[in-house]
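A look at the structure
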Amino acid sequence: MSKGGLTTAEAPFLEPKAPVARKFRLTGQTLLLALGALVLLLSFARTVTGAVDLTSAGAINAAVALAVPIGLAGLGGLWSERAGVVNIGLEGMMILGTWCGAWGALQFDNPWAGVVAGAIGGALGGLLHAVATVTFGVDHIISGVAINILGLGVTQFLSKVTFAEMPGGGDSQSPPVPKPEVVSLPLVGDPLTWLEKQGWFLLSDVAGILRGLLTNVSLLTILAILLVPLTYYILWRTAFGLRLRSCGESPVAAESLGVSVYTYKYVAVVVSGALAGLGGAFLAQVAASAYREGQTSGRGFIGLAAMIFGNWRPGGLAAGATLFGYTDALQLRRGGQSVHALLLVVVVLLVAVAVYQLVRQNRMRAALITGIAAVVVFAVFALTDSIPAEFTSVTPHITTLLVLSLAAQRLRPPAADGVPYRKGQGK
Amino acid sequence: MKQKAPTFTDRLLGRVSPVGLLSLAAPVLAVAFAALITMAVLWFTGAPPFKTLVAMVEYGVQPRSLVLTLNEATTYYLAALAVAIGFRMNLFNIGVDGQYRLAALIAAAVGGAVTLPAPLHIALIVFVAVLVGAGWASIAGLLKVKRGVSEVISTIMLNAIATALGSWLLNRERLAVEVSGSNNIGTRPIAESGQVPGLALIPGTQTKVFGLIILAVVMGVLYHVLLNRTRFGFDLRATGRSESAAVASGVNVKRMVVIAMILSGAMAGLIGMPQLLGASYSYSLDFPTGLGFTGIAIALLGRNHPVGIAFGALLWAFLNTSANILQLRNVSPDIVAIMQGTIVLSVIIAYELVHRYQISATQRRVSRELASGTPAPAEGASV
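Residues numbered from 1 in each chain as written. Chains lettered and ligands numbered in written order. Predicted model: local features only at pLDDT ≥ 70, side-chain atom pairs only at ≥ 80, totals over all residues.

From N to C terminus, chain B includes 15 helices and two strands. For 383 residues, the compact-globule estimate of 2.2 N^0.38 gives 21 Å, and chain B sits close to it at 23 Å. Its C-alpha atoms give chain B principal-axis dimensions of about 80 × 60 × 40 Å. Counting every position in chain B, which comprises 383 residues, the buried fraction comes to 49%. Within chain B, contacts between residues at least 6 apart in sequence are counted, and of these 76% link residues at least 24 apart. (Helix = DSSP H or I, 4+ residues; strand = E, 2+ residues; numbered from the N terminus. Rg over C-alpha atoms; globule rule 2.2 N^0.38 Å. Buried ≥ 20, exposed ≤ 12 C-beta atoms within 10 Å, placed from the backbone. Contact = placed C-beta atoms within 7 Å.)

Now for the overall build of chain A. Each helix and strand counted, chain A has 17 helices and two strands in total. For chain A, whose C-alpha radius of gyration is 22 Å, the value lies close to the compact-globule estimate of 22 Å for 427 residues. With the principal axes as the frame, chain A shows a C-alpha extent of 65 × 60 × 40 Å. Buried positions account for 51% of the 427 residues belonging to chain A. Across chain A, contacts joining residues at least 24 apart in sequence account for 78% of those joining residues at least 6 apart.

All names here are of chain A. Taking 1.5 Å per residue, 22 residues should reach 32 Å; helix α1 (residues 28-49) reaches 32 Å between its end C-alpha atoms and fits that length. All of the buried residues in α1 are L42, S43, A45 and R46. Seen from one end, α1 has its buried residues packed into an arc of 160°, which puts them on one side. In this structure, α1 carries Q29, T30, L33, A34, G36 and V48 as exposed residues pointing more than 90 degrees from its buried face. The elements touched by buried residues of α1 are α7 (203-214) and α14 (335-359). (Expected span 1.5 Å × (residues − 1). Arc of directions from axis to C-beta.)

Along the chain, V344 of chain B turns up in helix α15 (residues 335-372). Linking V344 of chain B and F87 of chain B, residues 257 residues apart in sequence, is a C-alpha distance of 16 Å. Dropping the residues within four chain positions of it, V344 of chain B is found in contact with A146 and I149 of chain A together with A297, L300 and L301 of chain B.

As a further point, take the interface of chain A and chain B. Facing 50 residues of chain A, the contacting portion of chain B comprises 43 residues. Counting residues per element, the side of chain A that touches chain B draws most heavily on helix α5 (residues 140-162) of chain A, at 15 residues. When grouped by side-chain class, the residues that make up the side of chain A that touches chain B number 32 nonpolar, 14 polar and four charged. (Nonpolar A, V, L, I, M, F, W, Y, C, P; charged D, E, K, R; others polar.)

Moving on to the packing of helix α17 (residues 395-407) of chain A against helix α7 (residues 151-169) of chain B. Between α17 of chain A and α7 of chain B, the shortest axis-to-axis distance is 9 Å and the interhelical angle comes to 145°. Read as a crossing pair, α17 of chain A and α7 of chain B show a hand that is left-handed. Here H397, I398, T400, L401 and L404 of chain A of α17 of chain A come into contact with α7 of chain B, specifically with I153, S154, M157, A160 and I161 of chain B. Here the contact of α17 of chain A with α7 of chain B is composed, by residue class, of seven nonpolar, three polar and no charged. (Axes fitted to C-alpha atoms, helices over the stretch in contact; angles between N-to-C directions. Left-handed = near helix turned anticlockwise from the far one by under 90°.)

Residues and elements named next belong to chain A. Phi angles above zero are rare outside glycine, and N311 is one such case at about 55°. Within the secondary structure, N311 is located in the loop between α12 (299-309) and α13 (314-332). In this structure N311 comes out as partly exposed when scored by C-beta crowding, with 17 C-beta atoms within 10 Å.

So, on to α7 of chain A. Residue and element names in this part refer to chain A. Along its 12 residues, α7 runs 16 Å from first to last C-alpha, staying within 8% of the 16 Å computed at 1.5 Å per residue. Listed as buried for α7 are S204, D205, A207, G208, I209, R211 and G212. Phi turns positive, to about 55°, at N216, one or two residues after α7.

This part covers the environment of W136 of chain B. Along the chain, W136 of chain B turns up in helix α6 (residues 118-147). Taking the C-alpha atoms as reference, W136 of chain B lies 54 Å from E369 of chain B; in sequence the two are 233 residues apart.

Another point: the environment of A26 of chain B. Relative to the assigned elements, A26 of chain B resides in helix α2 (residues 18-44). Counting along the chain gives 327 residues from A26 of chain B to L353 of chain B, while the straight-line C-alpha distance between them is 8.8 Å.

Let us look at the packing of helix α4 (residues 111-135) of chain A against α5 of chain A. Residue and element names in this part refer to chain A. For the pair α4 and α5, interaxial distance at closest approach is 10 Å and the crossing angle is 145°. Judged by the sense of rotation from one axis to the other, the crossing of α4 with α5 is right-handed. Where α4 abuts α5, its residues G125, L128, H129, A132 and T133 lie against H140, S143, G144, I147 and G151. Broken down by class, the residue content of the contact of α4 with α5 amounts to three nonpolar, seven polar and no charged.

This paragraph deals with the confidence of the model for chain A. In low-pLDDT segments, the atomic positions of the prediction should not be examined closely. In the predicted model, chain A carries a mean pLDDT of 84, and the fraction of residues at 70 or more is 93%. Counted against residues more than four places away or in other chains, residues 1-22 of chain A, with its pLDDT under 50, gives 46 contacts. (pLDDT = per-residue confidence, 0-100.)

Structure, rendered in structure tokens:
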């Protein structure tokens, strides 16, 4: 199994299609237009169905809080995969981060100590992954799976050793932990609340979204969001980043230019673990207020999916994380009604895609399939009043599957992603 | 070097080369290393390390514990086989967990709803389980070949969706009824014609070994024959080793991916059967979860070899069973999870080191023989 590279999104076994005549380029203008259209769409769905949580401040605030751990895990995956190491152990590193975050915050009675401890805990997991994959050349996915098992076992054991004896703690959960400060933009809260209450089309929705984004935001959230442009700057605008990415594209070529590939891979994987651990600490300290067993519930994997969705780029990753965070938040806030209303949004999007395929790309069959999908979703929407609670909880997972099955073919992972490399193999 | 007539000992030693022995030593060393780490953790938390491990082993070899170990190992063995089928062609079926639970639930519901003569009833339940497992796994296979979605991500997502589907189905309005004597709910119990009696394999205890342990053995043999003795198995392994070479020799890789995924899912469907038909007779909320990752770990321990997997499953189950004594000694049983994780990680590193050593040993031997002028013997050169 150690032979042959494996990546988390292998190139699909598809015959190369005829080149599309006009290449689609994402500019700031189209991005703003798309964002505006999305808000318009959500506000339309809210007005039609009366599901206020589609654009309420509470839902948006929750969406940000849920998107952050996914985004941090995704950033972790980005660092490691850009250096050519597939990191499916993100989940295990995140679990380590949840325990370390809660423990550090309680031990030193300071939330920021918890944040640092969480990052260190994750980084230790990353170090283990680096030792196994870089030094010993073990298959990346196998090592990642082992780290997931180990991370879960270690934290469960440690929480029984430490938290069980603390007042208010138990075998599988910690006492309440100190939280990082929460800040709001001054003077905007009250007018936006008033505007949101009016229930006007579009205006109230925009007010809700803004209030969710600008008030009651944790400092750790702001820090985490800043890590996205920072990652972009380090990996794409510095010599260090260029070298790191060259290790993921062609380690042999990097080696021939004097780059110490092992060092760069080590740094990348340790940073990756630290970011995932930070995501874990965020879960324990901001999204919840204590460590709980099973708190991550697969967010490390969803983060990986967000990174793939974002085509191994920070911006795309942030968009993916927001999407998953939003669907996750909706299911928590009157899930049955909100997710039901989301179906209407899906219908409109599917119709738009079908029209695009028909008019711009002239792909009859694809448009027909998308159109049928739209009709089916609309039928489900029209025939039911709400979605059963069991299904709303998997909205992010279903979204992941749908988005990847629509997008996976246009993606390009780093060329040497997941390929074992040994020093001097190019000679 | 002078050519001598090979003696019996030479031939015996030729079969078991020291380098070959090394790959057997690797897992043993890894287990010993994991035991050391575990003892360090125990010492660190203030429990007597050596006494605790001895107590675990003593408890683990009691007849009742041995039966429990065998039963648990049966389940693990099937889970690891399911994973191993995918592994042999570089396909990571992480969705074994979801496939098995959905299959067990629906098979239990079907089995509880009908009554048939004994062998038919059992066959129907097993058939339904295989069908559901294969069907759920085929989604991931199709997504991979049609849409290029990595099976690693899609199976993880399908696991979560299977859990949701399972809890929706296991509802009083749909498939579930109250389990008498508890507030648990489960599917309607399977009638006696659909139950598989246990075997009294181990003397000294009333507890019986699952009758379907035989199914696990049969599946192990089938797995070996299918992969090593058929054209299909050759194609599958070839695809795993080198996709481009497989394509060049006329293998339809897309088809292989879907078939391997379906086979893996079918095997995953069987995982719940020993427990369902041998002990609980109904699917309820307390069926074990997380078997997919356990299966991956055991398949790794056993190097995808049917006998190796059997040893791995027994070791894993033995650790789990013997951990039950720890609660009495005020040690958290989760220490076993640390031990298991360490075993997996050190085993894969040990295998990799042995693999590297074997390659360099072969290189040294060949260069020595080339230097001395004798042609290298063809046999045994490909270690």
